[in-house]
Amino acid sequence: MPPRTGPTPPKLRALRLPEPTAGDPSALRAHGTSEALTVTDDDLTGMDLTDVGFTGCSFSALNVHELEPTSARITDSCLHHLDIPTVSAACLELRGVVLEDSRLGVLQCIEGSWSSVHVRNAKLGYVSLRGATINHVQLQQLAPAMAARPGLDVER
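Throughout, a residue's number is its position along its own chain's written sequence, starting from 1. Given that this is a predicted model, residues contribute local features only at a pLDDT of at least 70 and side-chain atom pairs are listed and counted only at 80 or more, while totals for whole chains, interfaces and linings are drawn from all residues. Note that water and hydrogens are dropped before the side-chain values are worked out from all heavy atoms of the structure.

Things to note about the pairing of strand 10 (residues 103–108)
Only strands that DSSP links by at least two bridges are regarded as paired with each other. Starting at the N terminus, helices and strands are each numbered in turn, a helix being any DSSP run of H or I of at least four residues and a strand any DSSP run of E of at least two. Relative to strand 10, strand 8 (residues 83–88) runs parallel, the two being bridged by five bridges. Opposite Asp-83, over in strand 10, you have Arg-103 as the bridge partner. Sheet topology note: the strand 10/strand 12 (residues 123–128) ladder contains five bridges and is parallel. Bridge pairing links Val-106 to Tyr-126 in strand 12.

Here you go:
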């Protein structure tokens, strides 16, 4: 068998969300979990999102000045049209997530974990993935900039 000559494409499955219910962001609590929740056109500025879990959720058209989902878990969810100048997300776990048509000025995902994440049509300013583990992530239009980041572990 001849050796591979190029990188292996990521193994991403199509995201299928359950029927979502409109969510009230004021009900989100630190250390809580939410499933099949839709949050649209809301401001989460100042909310404590420490150690929250979101599964099968959709966040769309959020305009937040600063977001700190420390140790949060976002699974099988869509993030659309986000406009967030600063995201400080130490130990954030993303699995089966689509991030698209969004602008994140600063994204600090130190010691985080990204698995089966699809990033497309996103504008990312400064990105820090120091100590992060990346597995099966497709960074359309971002790969050349991300490939040069030191301290980034990429598992195949």
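So much for the structure itself; the text now carries on.
A short note on empty space enclosed by the protein
Only protein atoms enter the 1 Å grid used here, on which a cavity is any set of points holding a 1.4 Å probe that cannot leave and a pocket is any open set flanked by protein within 12 Å on both sides along at least five of seven lines; residues with an atom within 4 Å of a point are listed as lining. Grid points are joined across faces, edges and corners, and a volume is the space filled by probe spheres set on the points. Under the defined criterion, the tally for this structure stands at one cavity of 30 Å³ or more. If you go around the largest cavity, you meet 22 residues; those closest to its centre are Leu-67, Pro-69, Ile-74, Leu-79 and Leu-82. Contributing elements (two or more residues each) for the lining of the largest cavity: strand 7 (73–80), strand 8, strand 9 (93–100), strand 10 and strand 11 (113–120). Residues are grouped as follows: Ala, Val, Leu, Ile, Met, Phe, Trp, Tyr, Cys and Pro are nonpolar; Asp, Glu, Lys and Arg are charged; all remaining types, including Gly, are polar. A breakdown of the residues in the lining of the largest cavity according to their chemical character gives 22 nonpolar, no polar and no charged.

Describing the pattern of salt bridges
Whenever Lys or Arg places a side-chain nitrogen within 4 Å of a carboxyl oxygen from Asp or Glu, that contact is recorded as a salt bridge. Applying the stated rule across the entire model yields four salt bridges. A salt bridge links Arg-73 to Asp-51, with the shortest nitrogen-to-oxygen separation between them at 2.8 Å. A residue pair is termed long-range when its members are at least 10 positions apart, and Arg-73 in strand 7 and Asp-51 in the loop between strand 3 (37–40) and strand 4 (53–55) qualify at 22 residues. Buried residues are those whose accessible area, probed at 1.4 Å on protein chains only, stays under 20% of the maximum for their type, while exposed residues exceed 50% and partly exposed ones sit between those limits. The class for Asp-51 is partly exposed, based on a relative accessible area of 28%. Between Arg-95 and Glu-93 there is a salt bridge, with its nearest N and O atoms 3.6 Å apart.

Considering the packing of aromatic side chains
Aromatic pairing here means that ring centres of Phe, Tyr or Trp (its six-membered ring) are within 6.5 Å. Orientation follows from the plane angle: under 30 degrees is stacked, over 60 is edge-to-face, and everything else is tilted. Under the definition given, this model contains one aromatic pair. Here the aromatic rings of Phe-54 and Phe-59 are separated by 4.9 Å at their centres, their planes lie at 80 degrees, and the arrangement is edge-to-face. An identical accessibility class is assigned to Phe-54 and Phe-59; each is buried.

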